[in-house]
Amino acid sequence: MASQHIEVKTLKLAHSTDDTIRIEHVEKPYGEYSSPVVSIAIYSHGKEKVSEIEIPYENIEGFFKALNESVALCDSIPRTEPHAELNSDVGGGA
């Protein structure tokens, strides 16, 4: 039996007009006796897959922990707010 992809959620990729992130449960990804995985893929224009990672469910808890640590690290780095000089969420041209 071939692998079966079950879509869980599709999200709009930030800072993009029409790229998406698609999360899928994949049953039997590597053949009849393989364990299921989670697939996280980026699609250009919502159609062409440009990157993908497959994570075994046994690694999901560690993956979530690492993602949360990454968010905390990002939040801890001071940076100038984009377009702060304009007091706006978007910039303007010169």
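Keep in mind that this is a model prediction, so the values were computed, not measured.

Thoughts on the environment of V50
Item 1. Structurally, V50 can be placed in strand β4 (residues 48-56).
Item 2. For the pair formed by V50 and D19, sequence separation is 31 residues and the distance between their alpha carbons is 10.0 Å.
Item 3. In this view, V50 contacts I42 and S44; residues no more than four positions away in its chain are not counted.

Looking at the pairing of strand β3 (residues 37-44)
Item 1. Here β3 lies mainly inside the structure; six of its eight residues are buried.
Item 2. Direction of pairing for strand β2 (residues 20-27) relative to β3: antiparallel, over a ladder of seven bridges. The residue of β3 that forms the bridge with V26 is V37.
Item 3. Both β3 and β4 contribute to a ladder of eight bridges, which runs antiparallel. In the sheet register, I40 faces β4, and the bridge partner there is I53.
Item 4. Joining the antiparallel neighbours β3 and β4 is a turn of three residues, in which H45 adopts a positive phi near 55°.

Side note on the sheet that holds strand β1 (residues 4-12)
Item 1. Spatially, four strands are ordered β1-β2-β3-β4 in an open sheet, and the strand pairing comes out antiparallel. Single-partner strands in this sheet number two, and they are β1 and β4. Strand-to-strand twist of the sheet, defined as the mean angle between neighbouring strand axes without regard to direction, takes the value 20°.
Item 2. The pairing of β1 with β2 spans eight bridges and is antiparallel.

A look at the pattern of salt bridges
Note that side chains of opposite charge can pair when their charged atoms are close.
Item 1. With the rule as written, the count across this model stands at two salt bridges.
Item 2. E32 is paired through a salt bridge with K28; the nearest N and O atoms lie 3.0 Å apart.
Item 3. E32 gets classed as partly exposed once you look at its relative accessible area, which sits at 35%.
Item 4. The residue E52 makes a salt bridge to K49 at a minimum N-O spacing of 3.1 Å.
Item 5. On the accessibility criterion, K49 (39% relative accessible area) is partly exposed.

With respect to the packing of aromatic side chains
Item 1. Under the defined criterion, the tally for this structure stands at zero aromatic pairs.
Item 2. The ring of Y43 carries R22 above its face, with NZ or CZ at 4.0 Å from the centroid.

Here's the deal with the side chain of S16
Item 1. Assignment of secondary structure puts S16 in the loop between β1 and β2.
Item 2. The class for S16 is buried, based on a relative accessible area of 15%.
Item 3. A polar side-chain atom of S16 sits 3.5 Å from the main-chain amide nitrogen of D18.
Item 4. Within the structure, the side chain of S16 is placed 3.0 Å from the backbone nitrogen of D19, a separation counted as a polar contact.

Cut-off values and rules
- Residues numbered from 1 in each chain as written.
- Predicted model: local features only at pLDDT ≥ 70, side-chain atom pairs only at ≥ 80, totals over all residues.
- Heavy atoms only, no water.
- Helix = DSSP H or I, 4+ residues; strand = E, 2+ residues; numbered from the N terminus.
- Contact = heavy atoms within 4.5 Å.
- Buried < 20%, exposed > 50% of the residue type's maximum accessible area, 1.4 Å probe, protein only.
- Pairing = 2+ DSSP bridges.
- Axes fitted to C-alpha atoms, helices over the stretch in contact; angles between N-to-C directions.
- Salt bridge = Lys/Arg side-chain N within 4 Å of Asp/Glu carboxyl O.
- Phe/Tyr/Trp six-rings, centres within 6.5 Å; stacked < 30°, edge-to-face > 60°.
- Lys NZ or Arg CZ within 6 Å of the ring centre and 35° of its normal.
- Polar contact = N/O pair within 3.5 Å; in protein donor to acceptor, adjacent residues only side chain to side chain.

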